[in-house]
Amino acid sequence: MLLPVAVNLRRRIASIPLFWVITIPLAVSAVGALAGVGYLAHRNGQVAVEGLGKQLVTQTNALINREITSYLEVPLLINQLNVDNVQQGRLDLQDMAALEELLFQRLQQFDQMTTILFAAPDGTFRVVERFPTWKAAVAEPSQPGRLTQYHLNPDGSRGLQLDIATGFDVRRDRPWYQQAVTHGGPVWSPIAQHGPSDYLTLTASQPVYDPTTGALLGVFAVQTRLGYLSEILQQFSLSQGSRILVADPTGTLVATSTGEQPYTVIGGSNLRKQFQRQTLTTSQDELVRALGEQLHTLESQPQNRPNHPATRPAISLAQPPLTIAPVPHTFSFRHQNQRQFVKILPIQDAYGLDWRMITMVPEAHFLGDLERHQQQATLLWLLSLGGALGVGLLAAKLLLRRLAQFTQASQLLAAGDLNQRLATDSPIAELNGLAQSFNQMVDQLQAAFNKLQTALDESETKFSSIFRFNPDPIAITTFAEGRFLDVNRSELAFFGYHRDEMIGRTALELNLWTDINQRHHYRALLEQHGQVRGLEVQVTTKSGDIRTILLSAKRQSLEGQDCVIVAHQDITVLKQAEARLQQTQRWLRQYSQLSPGNIYTLVSEPDGTMWFEYASAAVETIHEITVDQALADARLILNTFHPDDLPGYEAAAQECLHTLCAFTHQFRIITPSGQVKWLDARSQPEVRANGVIAWHGIAIDITDRKQAAKALQESETRFRQLAETVQEGFFVYEIERDCYSYVNPAYSAILDIPLQELYMGMAHWIARIHPDDRDRIETALAREQHGENFSQEYRYITPEGELRWLRSKAFPLCDTGGQVIRVVGTVENITERKQAETALRQSEERFRRAFDDAPYGISLVSADGRFVKANAYYCNLLGYTEAELLNMTFLDVTYAEDQECDWALFRQMMTGKIPTCQVEKRYITKQGMVIPVQISAAPVYDEAGQPLYSVGHVQDIRERLAVDHMKDEFISIVSHELRTPITAIQGALMLLGARVYDSRPQQANYMLDIAIKNSARLVRLVDDILSFERLESGKVQLEKEACEVASLMYQAVESVQPIADQSGITITLTPLTATLWAAPDEIIQVLTNLLSNAVKFSFSGSTIWLSAEVKGEEAATSLPPYLPTSRPRFLPRTYLLFTVTDQGRGIPADRLDLIFKEFQQVDASDSRKRGGTGLGLAICRRIVMRHQGHIWVKSCLGVGSTFYVALPQGAE
Amino acid sequence: MAKQILIVDDEDDIRDIVQAALEEIAGWQTLTAASGLECLQLAQTKAVDAILLDISMPDMDGFEIFRQLQAHSNTRPIPVIVLTSKVLARDRAHFAALDLAGIITKPFNPLSLGQEVATLLGW
């Protein structure tokens, strides 16, 4: 029951137009939302504002309330104070003056109060008031109805009498008195007229009782002007439209903030004026009236109004009486389109005060613009609503249009039109998405159709091509008869028929079957199993060839017909290959049987076992077991491995097992007969299934080879040892490859080139050959290319820069064609030998030079005295050439008298009797000159110890003899010279000693003088001789230093000065500031000698000049004239020239040179007289010569002499 | 009559010594000559009993003087004694060739000079 309903419902629901579905909810929700929102906003706004307003008002009210209450407390306080005063005895009510003063004081104290009063039951009445001026009113008990008013002075004393009012009895006429009395305590009296004034006052009164008797003594009262309350309220005015009122519960105004008086005077006079109190409803203020009406409406309750004449309410407007509830409450009402917000607060106290404070604030006060805003909001709300609806409608329309399109397209699609596409230009994304999806779907559909179509076509084509182009012949035949329905190209090609020849015919008709029985078999299988697989049959082609084929056929229903699809493979070739293979295998087997190497297949199983699948006949030769034995048990071979080689073999085998690379190994086996054989085994792995590896290899007996190799190795080792130990370098050089094929270490060492570099070619070697020798070597190399042997000595510079002499010998080896293919050679380091040769040559050279250049004669004479060799000196000495001498004996040149002696000595020496001989003899030169010589000779022996010849050193002793002679002469002269003064001294002294002259003092003195003089002379002589001898011998080294020339000159002059002065001779010194490198003492000696000579040979009164000059490089000719014999042979670069000039007697020209000889004086006796030793100048000359200088003299007889000493200035 | 000796020596001091020795000690008379020339002159002109001749003289050596003396007949017989300081054998060799009365070497003892001369001359 539910279902159909549901269905119906659904149907009904299903036909709701989309438009409504979209629009209505949209509208509804829009409206609802917006309305709700708007309403809420409005409400919230209102509430908020109200709340705010209320708060504000409340606070203000509170403030006002406080203010009023506090104000209203004051009168009560004053009364209480007064009462307390009385009750505590501070005030005596009988003392009117004090009372008045007190009242005055009190009013002064509390300036908010208008009046302060006291009335006694006996009619005493005192009033003090300040408004409008300070006044006092007095009534006496005697005349209680008579109220006299006085001015009050500032000090409180009565002033002018103002007025007298009668007919007033306070006890009666003023409610405050009565009420106080009635109440018995502080009480507020109704609002009443104040005295004669026009204003109403509020009075608080309190009775005072006698503390002891409790009798009423009087009533104190304080009055405050009602208008004051209004003033207070006005202070708190909130805003322009707001009102604050104080009214009694009936609505009669007490005070108002509007400024109007809440009462009017309607009659009466003086103290009995009649006032009409305003009520809310009778207020002049419209708003207040409205409020009053509102209040009436809200809170009117029938109640008794207090019936007081003074406070009779306004003429009733036939309204029900109002009682404003004494609780704080708020409400609002509308007045003239303005909401007024009203708060009512009770003002009460315990003393009868019961008022209501009404605060009315127009809502516009705070709502202000809220209304306007509310309107704006409403407008906005309407706009949005309209907008939302509009948009919704628009969207709906768009949507619907698209959906309609979609529906249409789908329908057409369903109908079969695949060309439907939806536009995707909608602004709505989902619609676009939908359209896109639709389009995609349609595309897919179309694609799928197309694919299917293509696939179908392809499939057809594929099948077609497969069928047609299959290399394997395929045919489709009928099952029943085997008639060909379709054949492919291969079939046609195979059988050789044309298409039309085959289609429609059977295989039988075409005689395809070679063997009918096979056909039967085939048919049987086909019928039985429906298919035939790989049936080997023979068929005959059109050309008559018989082919073997593998036939496969399947029964298949094709296009309703029962067909057979037949395919076959032509295995004729295969068959033939098989046959050939078998034959090859047979041949292979035969070969392996013949091979000397063991051809084998060793299979290794995963578990490690090994077995021979195949082993050739060689097994028997090598391993001494039969093939069968080997095949049966591989261990027969595998266990024969030599224990030393087993580890290596196993390692190699393992490696190959893992890496599956080719196995190649050499190892020894020990055959059963104990022979040790070397085998070379190589095999290739073949990985078979299940981890089985088959090693196909060959093992060859290489024992012989090994032995040969060993022999070769030994031979090589010997060669190598030889090549490497020999000192000579050995090389083999390949001409074609232009590099060394072998160099031994010695070669590398000799050339000092590392082996690697050598192997790179000859260039290294050639580059290092000394440049001077290189050409020669290269020439020799060129000749070597032509087959000539190479033998050269040359210089070679090692990489380190060491020079070596090498001798290389090389022998080119030619091939049969005569071309040099190889050069073998040696290289020797002959540096030492060369050095030795050089040394020898140098030694010979030195010897020869020594021989030739000797400063003495050297002659070699044979044992028979014949000259073998003579040096230049010897030849020159004797005046013969060497050639002439070689034909002579030494006796031929010996002085006749010396020959015999000479020969005897010679023979003695040559026969070995004397080792050497020294002899002085005389030679006769070719010219006949006799030369005294000294000869030292020694024999030279040959290896046999026989004297070969004699070597003689020949010294020309002429000079020596002359020197000796001179020396003898010198000695004789010296001895003579010494003896002379000695003789004089000895003689004189001896004569003196003989006392001969005892009495002749003069003579005696004369003799003494002689002795003294000659002693001095002897001393000088000895000095000179000694210094001369020293200089002559050359033993003393003159210590040269830098001397100040001037100083030397000074010193020389100084030493000579005494004798110069003695002789009356002036010495003029021209000093020179210069330095001289010389022995200072010796130079001084020279100068001194020259000066003293000058002094000796000068006349008294004459002058001697000593000067010096530094002379530079001057031509020899510019020097002062000198004698040829004393021409200086060389000139020092810069030399110092001393000159000593005298005016003595001069020296004869022939003596100018002689005087420098020892003991050669111009006039010996004269000189001796003057103290000369005869050695002075000789000494000077020696000294000057030792300084490499020159000394000479220029003289003119009778004029004077000038001695020159030239000395090189600096050290040479 | 006192002997007159001719002393020939170029050295003044020697001459003086010899003179003193001969005169003071020997008591003879002497003549002195400082040179060969003087000697010849004096020998020829004066009565000289003997000549004491110094060999080493600068202008004319003793040998020459002796030859000169020998050359002249009147001077030939005068005995000549050579006074010399040359004592070496080879020097003596020269004297040996001459017909000298004697050789006296210097230095000599002046005190005994006279005696020596006398002995040499046989006086």
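Structure shown above.
Colleague: Looking at this structure, I do not really get the overall build of chain A. What am I missing?
Modeller: Each helix and strand counted, chain A has 33 helices and 42 strands in total. The buried share among the 1212 residues of chain A stands at 42%. Within the structure as shown, chain A displays about 64,400 Å² of accessible surface, and the carbon and sulfur contribution to it stands at 54%.

Colleague: Sorry, what's going on with the pairing of strand S4 (residues 146–152) of chain A here?
Modeller: Along any regular strand the residues' side chains alternate between the sheet's two faces. Residues and elements named next belong to chain A. Of all seven residues making up S4, five are buried, and the element is well covered by its neighbours. As paired strands, strand S3 (residues 135–139) and S4 are joined by four bridges and run antiparallel to one another. Its bridge partner being in S4, Ala137 is matched across the sheet by Gln149. As consecutive antiparallel partners, S3 and S4 are separated by six residues. One ladder, built from six bridges, connects S4 with strand S5 (residues 158–166); its direction is antiparallel. Across the sheet, residue Arg146 finds its bridge partner in S5, namely Thr166.

Colleague: Any chance you could explain the interface of chain B and chain A here in plain terms?
Modeller: Interfaces are often sized by the amount of accessible area the parts lose when they come together. At the junction of the two partners, chain B supplies 26 residues and chain A supplies 28 residues. Summing both partners gives a buried area of about 2,300 Å² for chain B against chain A, and 60% of it is carried by carbon and sulfur. The tally of links between chain B and chain A comes to three salt bridges. One salt bridge connects Glu24 of chain B with Arg1000 of chain A, and the closest N-O pair in it is separated by 2.4 Å. Elements with a contribution of two residues or more to the side of chain B that touches chain A: helix H1 (12–26), helix H4 (89–96) and helix H5 (110–121) of chain B. Per-element accounting of the side of chain B that touches chain A gives the leading share, nine residues, to H1 of chain B. Residue composition of the side of chain B that touches chain A, grouped by class: twelve nonpolar, three polar and eleven charged.

Colleague: Sorry, what's going on with the side chain of Thr601 of chain A here?
Modeller: Residues and elements named next belong to chain A. Following the sequence through the fold, Thr601 ends up in strand S21 (residues 598–604). Note on Thr601: relative accessible area 8%, which makes it buried. Excluding residues that lie within four positions of it along the chain, Thr601 makes contacts with Trp611, Phe612, Glu613, Tyr614, Arg688, Ala694, Trp695 and His696.

Colleague: Help me out: how do you make sense of the sheet that holds strand S5 (residues 102–105) of chain B in this one?
Modeller: Within a sheet, each strand pairs with its neighbour through backbone hydrogen bonds, oriented either parallel or antiparallel. All names here are of chain B. Across the sheet, which stays open at both edges, the five strands sit in the order S2-S1-S3-S4-S5 with parallel pairing between neighbours. A single partner strand is all that each edge strand has here, and the edge strands are strand S2 (29–33) and S5. Adjacent strand axes in the sheet meet at a mean angle of 20° when their direction is disregarded. Along the sheet face, helix H3 (residues 62–71) touches strand S3 (50–54) and strand S4 (80–84) and points at about 155° away from the line of S3.

Colleague: Would you take a moment to explain helix H9 (residues 370–415) of chain A for this structure?
Modeller: Note on helix geometry: an α-helix contains 3.6 residues per turn, so any two residues three or four positions apart are oriented the same way. Residues and elements named next belong to chain A. Here H9 contains 46 residues, and its C-alpha end-to-end distance of 65 Å stays within 8% of the 68 Å for a straight helix at 1.5 Å per residue. The set of residues buried in H9 consists of Leu370, Gln374, Leu385, Gly392, Ala396, Arg402, Ala409 and Leu413. Looking at the residues trailing H9, positive phi occurs at Gly416, about 120°.

Colleague: Teacher, can you tell me more about the side chain of Thr980 of chain A here?
Modeller: Within the fold, Thr980 of chain A resides in helix H28 (residues 958–993). Other than its neighbours up to four places away in sequence, Thr980 of chain A contacts Arg1017 of chain A together with Glu11, Ile14 and Lys106 of chain B.

Colleague: Help me understand the pattern of salt bridges, please; the structure alone is not making it clear to me.
Modeller: Pairing between side chains becomes possible if they bear opposite charge and their charged atoms approach one another. All names here are of chain A. Using the criterion set out here, one finds 53 salt bridges over all chains in the structure. Put simply, Asp354 and Arg356 hold a salt bridge, and the shortest N to O gap is 2.6 Å. A single network of salt bridges, built from pairs that share partners, joins Glu793, Arg807, Glu828, Arg833, Lys834 and Glu837.

Colleague: What am I meant to see in the sheet that holds strand S16 (residues 474–478) of chain A here?
Modeller: Residues and elements named next belong to chain A. Ordered in space as S17-S16-S20-S19-S18, the five strands form an open sheet in which the pairing is antiparallel. Among the strands making up the open sheet, the edge pair consists of strand S17 (484–487) and strand S18 (531–540). Between one strand axis and the next, the sheet turns through 30° on average, direction left out of account. Sheet contacts for helix H10 (residues 429–469): S16 and S17; angle to S17, the most-contacted strand, approximately 95°.

Colleague: What is the right way to look at the environment of Gly251 of chain A in this model?
Modeller: Residue and element names in this part refer to chain A. Turning to its location among the elements, Gly251 is positioned in the loop between strand S9 (243–247) and strand S10 (253–256). With 30 residues separating them in the primary sequence, Gly251 and Thr281 have C-alpha atoms 7.9 Å apart. With residues near it in sequence (within four places) discarded, Gly251 still touches Gln278, Thr279, Leu280, Leu322 and Ile324.

Colleague: Hey, could you run me through the packing of H1 of chain B against H5 of chain B in this one?
Modeller: Angle between the axes and distance between the axes are the two parameters that describe a pair of packed helices. All names here are of chain B. Between H1 and H5, whose axes approach to 8 Å, the crossing angle comes to 75°. Put simply, H1 runs roughly perpendicular to H5. Of the residues in H5, those in contact with Ile17, Val18, Ala21, Leu22, Ile25 and Ala26 of H1 are Pro110, Leu111, Leu113 and Gly114. When grouped by side-chain class, the residues that make up the contact of H1 with H5 number nine nonpolar, one polar and no charged.

Colleague: Teacher, can you tell me more about a nonpolar patch on the surface here?
Modeller: Residues and elements named next belong to chain A. A surface patch of nonpolar side chains, amounting to about 470 Å² of accessible area, comprises Ile16, Trp20, Val21, Ile24 and Val28. If you trace the backbone, Ile24 turns up in helix H2 (residues 18–87). For Ile24, a relative accessible area of 45% puts it in the partly exposed group.

Thresholds, definitions, all that
Residues numbered from 1 in each chain as written. Chains lettered and ligands numbered in written order. Predicted model: local features only at pLDDT ≥ 70, side-chain atom pairs only at ≥ 80, totals over all residues. Heavy atoms only, no water. Helix = DSSP H or I, 4+ residues; strand = E, 2+ residues; numbered from the N terminus. Buried < 20%, exposed > 50% of the residue type's maximum accessible area, 1.4 Å probe, protein only. Areas by Shrake-Rupley, 256 points an atom, 1.4 Å probe, with all protein chains shown as cover. Pairing = 2+ DSSP bridges. Contact = heavy atoms within 4.5 Å. Buried area = accessible area lost by both parts, 1.4 Å probe. Salt bridge = Lys/Arg side-chain N within 4 Å of Asp/Glu carboxyl O. Nonpolar A, V, L, I, M, F, W, Y, C, P; charged D, E, K, R; others polar. Axes fitted to C-alpha atoms, helices over the stretch in contact; angles between N-to-C directions. Expected span 1.5 Å × (residues − 1). Parallel < 35°, antiparallel > 145°, perpendicular 65-115°, else oblique. Patch = residues over 30% accessible without salt bridge, like charges linked within 9 Å, V, L, I, M, F, W, Y side chains within 5 Å.

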